[in-house]
Amino acid sequence: MVSENAIAWYHFSSPKNFYPLAGRLIPWFWGLAVILLVVGLYMSFFVAPTDYKQGESYRIIFVHVPAAWMSMFIYLVMAAYAIIGLTWKLRMAEMMASALAPTGAMFTFLALWTGAFWGKPTWGAYWVWDARLTSELILLFLYIGYMSLQSAIDDPRRAARASALLAIVGVINLPVIYWSVKWWNTLHQGASVSPTMAPKMASIMITTMLVMTFAFWMYTIAVVLMRARRVILERERQTSWVMEMVNADPQAEMKK
Amino acid sequence: MSDFFAMGGHGFFIWMSFGVTALFMVIEVIAVKRSRQTVLKQLLRLARADLRKAQS
Amino acid sequence: MKTRHKRMALILVGLAGLAAAAGLVLNALNSNLALYISPSDVLAGNAPKDQTFRLGGVVVEGSMERQDDGLTVHFNVTDNHKTIPVAFTGILPDLFQEGQGVVAQGRMSDGMFKATEVLAKHDENYMPPQVADMLEKGEQAKQSAAGATP
């Protein structure tokens, strides 16, 4: 059983085998993402009740928190792939790390953006330099730094190694973001949901937030697999299997 | 209906949040799809050039 | 030195620089980015003198007074140990309420904090109004029961 798994992992860690597997998986993750998004949005606006203090504006939480969670989670996964890529010189892990970065950066930006539009009606300001907001902004810079470092170095292997180091160093920022509201006086409120405490939200609100989080998660897997396929094509363009695939049925490959 | 969009006076903030999030996600998907097709087209051109070289 | 080594060295230097920058930022966060100072700290002299800073705490129940000009408000901010009176001219955020968290920017003058900006700090509790009502009624019932049997 274990050895079979090991063989499967080894098999799909080769870009040649990963490429068609990703192609088969993408539609399933799209399906899940769309269903969860429809349900989540319906719950966000028609099922979740008005908040006793903030009224309707609190509904921004249903995109803000999932986006913020994804921004940190994607970084963690990216750093894990970076470590795997560095240690075992695994090309597929390097490519997955670079395929994750743009989506992570997007969710970081969206967390900041939706936070600004939630902060204005509740706190009275779009932005304050408090520890939570500042550390999330640093996360955005880390993603941008990672991507620009990669595009600045021509040799893909060296680019992967250098950017992997940056990604790993940047992991320090994740606990800072997470516990910033505890460690410092911040305008940002504390966590409503955490593994160690009873939730401080009505359960229907939490359910809605979780559905939206799973929707964003499935979206991330789908779009990152799509990007990984492009990265594979770019980096493996010299190999015979890519050329054979392109020549075999170019029109069909184009449509996918 | 207009009550729904007004969101108790917070419509602007709510729709800016949900709207921009949706917009970014749609744009990202289109951009990724396009960029893969661009790479494929390049590869196809390369392959054809190789083929012609081999034939001549 | 080969170009490969040169590039590697360049990248290492860049990474070291980045780590240093991150360290500095974290250090700055640690000392400066307490966003606000509590009334106790201010009265203990830990606030910058003759400079603007942010004061944070809870608005004391029943302390809010609108002045005759209709725009200036006075209220007291407390951290349950010490209290500082605050004056502010302008529009308060929607969530500004007595008994709620507040962060005000301004400076001390004659024992009063003259605020130029007031932000409302809300907590991490979210619930429908009906539940909030029920909780409040439950709290009142508990208090009156406690009052009946001292």
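For clarity, every value in this text was computed on a predicted model and none was experimentally measured. (Residues numbered from 1 in each chain as written. Chains lettered and ligands numbered in written order. Predicted model: local features only at pLDDT ≥ 70, side-chain atom pairs only at ≥ 80, totals over all residues. Heavy atoms only, no water.)

Colleague: What exactly am I supposed to notice about the overall build of chain A here?
Modeller: When helices and strands are counted, chain A shows ten helices and zero strands. Helices and strands in chain A line up, N terminus first, as α-α-α-α-α-α-α-α-α-α. Its C-alpha atoms give chain A principal-axis dimensions of about 65 × 40 × 35 Å. The proportion of buried residues among the 256 residues of chain A is 55%. The long-range fraction of contacts in chain A, counting pairs at least 24 apart against all pairs at least 6 apart in sequence, stands at 75%. On chain A, roughly 11200 Å² of surface is accessible, and the fraction owed to carbon and sulfur atoms is 70%. Of the charged side chains in chain A, 20 are positive and 13 negative, and the gap between their average positions amounts to 3 Å. (Helix = DSSP H or I, 4+ residues; strand = E, 2+ residues; numbered from the N terminus. Buried < 20%, exposed > 50% of the residue type's maximum accessible area, 1.4 Å probe, protein only. Contact = heavy atoms within 4.5 Å. Areas by Shrake-Rupley, 256 points an atom, 1.4 Å probe, with all protein chains shown as cover. Lys, Arg positive; Asp, Glu negative; His and termini not counted. Charge placed at Lys NZ, Arg CZ, Asp CG, Glu CD.)

Colleague: How do you make sense of the interface of chain B and chain A when you look at a structure like this?
Modeller: Interfaces are often described in size by the accessible area the parts lose on coming together. Of the residues lining the interface, 30 residues belong to chain B; the matching set on chain A comes to 43 residues. Overall, the association of chain B and chain A removes approximately 3500 Å² of surface from exposure, summing both partners, and the carbon and sulfur fraction of that is 78%. The largest share of the area that chain B buries against chain A comes from F18, M25 and R36 of chain B, three residues that together contribute 20% of it. In this assembly, chain B and chain A are joined by eight residue pairs in polar contact (both at pLDDT 80 or more). Among the elements that take part in the side of chain B that touches chain A, helix α2 (residues 11–55) of chain B stands out by supplying 26 residues, more than any other. Taken together, the residues of the side of chain B that touches chain A sort by class into 19 nonpolar, seven polar and four charged. (Buried area = accessible area lost by both parts, 1.4 Å probe. Polar contact = N/O pair within 3.5 Å; in protein donor to acceptor, adjacent residues only side chain to side chain. Nonpolar A, V, L, I, M, F, W, Y, C, P; charged D, E, K, R; others polar.)

Colleague: Would you take a moment to explain the nonpolar core for this structure?
Modeller: For soluble globular proteins, the rule of thumb is that nonpolar side chains tend to be buried together. The biggest cluster of nonpolar side chains holds 86 residues, and the ones touching the most others in it are I61, M78 and F107 of chain A. By residue number, the principal contributor to this core is helix α8 (residues 203–235) of chain A, which donates 16 residues. Listed in part, the 19 residues of the second largest apolar core include V42, V59, V73 and L92 of chain C. (Core = buried A, V, L, I, M, F, W, Y, C linked by side-chain atoms within 4.5 Å.)

Colleague: Whenever I open this one, the pairing of strand β1 (residues 53–59) of chain C confuses me. Can you help?
Modeller: Two faces make up the sheet, and in a regular strand the side chains alternate between them. All names here are of chain C. Counting buried residues in β1 gives five out of seven residues, a clear majority hidden from the surface. The sheet contact formed by β1 and strand β5 (residues 101–109) spans six bridges and is antiparallel. Bridge assignment links R54 to a residue of β5, and that residue is Q105. (Pairing = 2+ DSSP bridges.)

Colleague: When you look at the pattern of salt bridges in this model, what are you seeing that I'm missing?
Modeller: Side chains that differ in sign of charge can pair as their charged atoms come close. All names here are of chain A. One pass over the structure, following the stated rule, counts nine salt bridges over all chains. E56 serves as the salt-bridge partner of R59, at 2.7 Å between the closest nitrogen and oxygen. In this structure, R230 engages E234 in a salt bridge whose closest nitrogen and oxygen atoms are separated by 3.7 Å. Highlighted residues: R230 and E234, both in helix α8, separated by four residues, approximately one helical turn. Residue E234 is classed as partly exposed on the basis of its relative accessible area of 36%. Among the charged side chains, a salt-bridge network with shared partners connects E94, R157 and R235. (Salt bridge = Lys/Arg side-chain N within 4 Å of Asp/Glu carboxyl O.)

Colleague: I would appreciate a short explanation of the packing of helix α4 (residues 91–122) of chain A against α8 of chain A in the present structure.
Modeller: Angle between the axes and distance between the axes are the two parameters that describe a pair of packed helices. Residue and element names in this part refer to chain A. Interhelical geometry of α4 versus α8 gives an angle of 130 degrees and a closest axis separation of 8 Å. Comparing their axes, α8 and α4 come out oblique. Where α4 crosses over α8, the handedness of that crossing is right-handed. Across from R91, M92, E94, M95, M96, S98, A99, L100, P102, T103, M106 and F107 in α4, the residues of α8 making contact are F216, Y219, T220, V223, V224, R227, A228, V231, I232 and R235. (Axes fitted to C-alpha atoms, helices over the stretch in contact; angles between N-to-C directions. Parallel < 35°, antiparallel > 145°, perpendicular 65-115°, else oblique. Left-handed = near helix turned anticlockwise from the far one by under 90°.)

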